[in-house]
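Working through the structure, step by step
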Amino acid sequence: MATKTAPDPVEQARTAFERALQRNIKGLGYFASPDPVLGASPKDVLIERGTMRLCHYRAQSDEVYRVPLLLVMATTNRGYIFDMVPGQSLVEFLLKRGYDVFMLDWAPPRPDERHLALADYVLDFLPQAVARVADETSEPDLTVVGYCFGGVLSVLWAALHADGPLKNLVTFTTPTDFKAMEMFQAWADRRFFDVDRLVDTFGQCPADLLYTSFDMLRPAGRIAGNLRLLDNLWNDEFVKSHRMFDRWAADMLPLAGEYFRETTKKLMWENRLMEGGMEVAGRPIHLSAVTAPFLHVVAEHDHIVPRAASAPLIDKIGSSDKQEVVLKGGHVSLVAGGNAVKRLWPKLDLWLQERST
Amino acid sequence: MMQKGEAGPRVKPGVTSSVDADAAPSDAGRMTTPDPGAFFRQMLTQWEGVANQMGTELMKSGEFARTVHGATTAGVRAQEVAKEAMTRALAAANMPNRDEITDLSARMAGIEERLGRIESLLIKLAGADAPTPPARPKPARTRKPPQQG
């Protein structure tokens, strides 16, 4: 409903003065205060094995759904995007809605883990996490929810374990057609990008390189973001949110060398997931082998995994019960923040409820 | 964080596809709070959009990729040279280099994992006699979806 009031110059001046004053006072506080505490929901660490970490969040209801839920994080970022702060935590939301939540996330690979390959993630880490969830819950089934490249790992695992415990599969902004990721394609252009030399020299793909790549997807984003922060220093909620997301975005992980080499060649260069011929440790991947109920969530304004890159997945999965949901938002705002609270989380809960008993 | 100009969703046969109907309402015509910074914000948003678009178009070009990778390769080469020089210097000083420390770290990790497995086996063998922390009560796994209606 449109409401119009004529701007009062005195009121305008008063607002401008108050905000300028608040900016100065709170600006000092901003630089003096510590980073916000993120990912603090109570949990037990079940497995800590090099880069792999499996956590079990403590239940926040007396009765939970039978089927446990395993969140699989992307290998480039920290898992606390799912558990920012109370009230803005997908983990907390799921716990309060009665799900038994586990999370598989990643620490920076140790130097001696530079030889980890896709097979280690798909045929070792994920199966170990799944087995531990089964041990912990005594349930033969589980729901897997993968975010971004965590979704790729989940899909590869599901395709190779068609008779396994997968009850439901959910993917958020998961790339399938890597040719549609135009910016990454340009930077990974095989005519100029010598991935072998990079990996052979550094052992890993450095986090700084990944951070710069992600940052350059929006060349003006950082400057505009800082100007918006300055403009909104008077607004505690804005500042809190900015700090949370800024900290998470800057907290990137290096990638194990062989894993980076393999994903660059098989996915970025040869686009095998889309065009066929994908294999993990010589075992062919057929996405049509995934027949569990499948929910594919795509962000309409995703600048990292554009919709064209993630949308083809739904057609490739063999499930008869499958659904694609396109939501307003970007790559990160889809899963965390005010947008996610309002849009994704209730939809996810609604879809999972009837499939988790 | 949002970009404009995206196409609407396609509905594919055999697949349930839905788009969020809860789109943010348009702010056109809404002017409840007098805000002298509104013009600045509008300009900033427009500048950001244009700069992002121009920047990404530039960066998609082969020339840009060639230049950036040229710089990256030079950096990698410098790193290789420094690594070789450092390896020789460490060898001359009779000290282990990075690769040797990494190998040691891998062997330590292997020993830790093996110790972990031995510990688990010992706990299993000790059975009920082994001291265990009190188990956290587990919630019943009987929850049902709320009735729709």
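Note that the structure is a prediction, hence the values are computed from the model and not measured.

Thoughts on the overall build of chain B
When helices and strands are tallied, chain B shows 3 helices and 1 strand. Ordered by position in the sequence, the α and β elements of chain B form the string β-α-α-α. Burial statistics for chain B: of 149 residues in total, 15% are counted as buried. Summing over all exposed atoms, chain B offers an accessible surface of approximately 11,800 Å²; the carbon and sulfur share of this is 61%.

Structural notes on the pairing of strand β12 (residues 322–327) of chain A
All names here are of chain A. Summarising burial for β12: 6 of the 6 residues are buried, a large majority. Of the two faces of β12, the one holding Lys-322, Glu-324 and Val-326 and the one holding Gln-323, Val-325 and Leu-327 are both buried throughout. In this structure, strand β11 (residues 294–299) lies alongside β12, joined through 6 bridges in parallel fashion. Bridge pairing in β12 places Val-297 opposite Val-325.

Some points on the packing of helix α3 (residues 118–137) of chain A against helix α10 (residues 257–269) of chain A
Residues and elements named next belong to chain A. Where α3 meets α10, the closest approach of the two axes is 7 Å, and the angle between their N-to-C directions is 105°. In terms of their interaxial angle, α3 and α10 are classed as roughly perpendicular. Taken together, the residues of α10 that come into contact with α3 (itself represented by Leu-118, Ala-119 and Tyr-121) are Tyr-259, Glu-262 and Thr-263. Here the residues of the contact of α3 with α10 are counted per class, giving 4 nonpolar, 1 polar and 1 charged.

Looking at the confidence of the model for chain A
Scored by pLDDT, chain A comes out at a mean of 90, with 97% of its residues at no less than 70. Per-residue pLDDT, averaged within each element of chain A, yields its smallest value for helix α1 (residues 9–32) of chain A (73) and its largest for strand β3 (residues 69–72) of chain A (98).

Quick word on the side chain of A:Arg261
Residue and element names in this part refer to chain A. Position of Arg-261 among the secondary structure elements: in helix α10. For Arg-261, a relative accessible area of 13% translates into the label buried. A distance of 2.8 Å separates a polar atom in the side chain of Arg-261 from a polar atom in the side chain of Glu-258. If sequence neighbours within four positions are ignored, Arg-261 has contacts with Val-195, Asp-196, Val-199 and Asp-200.

A few points about the pattern of salt bridges
The tally for this structure, following the rule as stated, stands at 30 salt bridges over all chains. Taking the shortest distance from any N to any O, the salt bridge between A:Asp112 and A:Arg110 comes out at 3.3 Å. On the accessibility criterion, A:Arg110 (26% relative accessible area) is partly exposed. Connected via shared salt-bridge partners are A:Arg66, A:Asp100, A:Glu139, A:Asp141 and B:Arg141.

Things to note about the confidence of the model for chain B
All names here are of chain B. Per-residue pLDDT for chain B averages 74, and the proportion of residues at 70 or more is 70%. No element of chain B has a lower mean pLDDT than strand β1 (residues 16–19), which averages 51, and none a higher one than helix α1 (residues 38–60), which averages 86. Within the model, the stretch residues 1–14 combines pLDDT values under 50 with 24 contacts to residues more than four positions away or in other chains. Among the scores for the predicted complex, ipTM is 0.74 and pTM is 0.81.

Considerations on the packing of helix α8 (residues 221–231) of chain A against helix α9 (residues 236–250) of chain A
For any two helices packed against each other, the geometry comes down to the angle between their axes and how far apart the axes lie. Residue and element names in this part refer to chain A. At a closest axis distance of 10 Å, the pairing of α8 and α9 adopts a crossing angle of 150°. As judged from the angle between their axes, α8 and α9 are roughly antiparallel. Crossing geometry of α8 relative to α9 is assigned as left-handed. Residues Arg-222, Gly-225, Asn-226, Arg-228 and Leu-229 of α8 touch α9, and the partners they reach there are Phe-238, Val-239, His-242 and Asp-246. Its residues assigned to classes, the contact of α8 with α9 shows 3 nonpolar, 3 polar and 3 charged.

About the thresholds
- Residues numbered from 1 in each chain as written.
- Chains lettered and ligands numbered in written order.
- Predicted model: local features only at pLDDT ≥ 70, side-chain atom pairs only at ≥ 80, totals over all residues.
- Heavy atoms only, no water.
- Helix = DSSP H or I, 4+ residues; strand = E, 2+ residues; numbered from the N terminus.
- Buried < 20%, exposed > 50% of the residue type's maximum accessible area, 1.4 Å probe, protein only.
- Areas by Shrake-Rupley, 256 points an atom, 1.4 Å probe, with all protein chains shown as cover.
- Pairing = 2+ DSSP bridges.
- Axes fitted to C-alpha atoms, helices over the stretch in contact; angles between N-to-C directions.
- Parallel < 35°, antiparallel > 145°, perpendicular 65-115°, else oblique.
- Contact = heavy atoms within 4.5 Å.
- Nonpolar A, V, L, I, M, F, W, Y, C, P; charged D, E, K, R; others polar.
- pLDDT = per-residue confidence, 0-100.
- Polar contact = N/O pair within 3.5 Å; in protein donor to acceptor, adjacent residues only side chain to side chain.
- Salt bridge = Lys/Arg side-chain N within 4 Å of Asp/Glu carboxyl O.
- Left-handed = near helix turned anticlockwise from the far one by under 90°.

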